[in-house]
Amino acid sequence: QVQLVESGGGLVQAGGSLRLSCAASGSIRSINVMGWYRQALGKQRELVATITSGGRTNYADSVKGRFTISRDNAKNTVYLQMNAMKPEDTAVYYCTVNYDDSGSVFTRSSWGQGTQVTVSS
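Calculation notes
Residues numbered from 1 in each chain as written. Predicted model: local features only at pLDDT ≥ 70, side-chain atom pairs only at ≥ 80, totals over all residues. Heavy atoms only, no water. Pairing = 2+ DSSP bridges. Helix = DSSP H or I, 4+ residues; strand = E, 2+ residues; numbered from the N terminus. Axes fitted to C-alpha atoms, helices over the stretch in contact; angles between N-to-C directions. Core = buried A, V, L, I, M, F, W, Y, C linked by side-chain atoms within 4.5 Å. Buried < 20%, exposed > 50% of the residue type's maximum accessible area, 1.4 Å probe, protein only. Salt bridge = Lys/Arg side-chain N within 4 Å of Asp/Glu carboxyl O.

Trainee: How should I be thinking about the sheet that holds strand E1 (residues 2-7) in this particular structure?
Mentor: Working definition: the strands of a sheet are paired by backbone hydrogen bonds and lie parallel or antiparallel to each other. An order of E1-E3-E8-E7 is seen for the 4 strands of this open sheet, with the pairing classed as antiparallel. Each of the sheet's edge strands pairs with one partner strand only, and the pair in question is E1 and strand E7 (67-72). Geometrically, the sheet is characterised by an average inter-axis angle of 15 degrees between neighbouring strands, direction not taken into account.

Trainee: Teacher, can you tell me more about the nonpolar core here?
Mentor: As a rule of thumb, nonpolar side chains are buried together in soluble globular proteins. Ranked by size, the top nonpolar core spans 30 residues in total, and within it Trp-36, Leu-80, Met-82 and Tyr-93 carry the most contacts. Elements with a minimum of two residues in this core: E1, strand E3 (18-26), strand E4 (28-39), strand E5 (46-52), E7, strand E8 (77-82), strand E9 (91-101) and strand E11 (115-120). Looking at this core, the element that brings in the most residues is E9, giving 5 residues.

Trainee: Sorry, what's going on with the pattern of salt bridges here?
Mentor: Close approach of charged atoms lets side chains of opposite charge pair. Counting across every chain of the model gives 6 salt bridges. A salt bridge links Arg-38 to Glu-46; its shortest N-O distance comes to 2.8 Å. For Glu-46, a relative accessible area of 36% puts it in the partly exposed group. Among the salt bridges present, the one from Asp-89 reaches Arg-38, with a minimum N-O distance of 3.0 Å. In this pair, Asp-89 sits in the loop between E8 and E9 while Arg-38 sits in strand E4, placing the two residues 51 residues apart along the sequence. Each member of the pair Asp-89 and Arg-38 is classed as buried. Look at the salt bridges and you will find they share partners, linking Arg-38, Glu-46, Arg-66 and Asp-89 into a network.

Here is the structure:
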């Protein structure tokens, strides 16, 4: 129905930066909310940040002031700029979208494949 392709993960030293991208394609009438979750080894998946179609953002306390979520509505793409990274940011990061399907009245959600982010000390 909808495909999410993530990119930008990798290895970075503490204090460095990475930028994640997630592009959505498929049967999409409109995207309501886009966001990023992460899951560290041995831990539960947690919310990192969300952004609405109007640009309103929300962040987990652990990343406030360091991470910035943004989106390009024309390209159905969401970004996560990660600065001043810490070893505790190490996790698999997952993109998610909440959208209205082109061929129905239903609201649906989809997940990306995940991208590994590793922060070394």
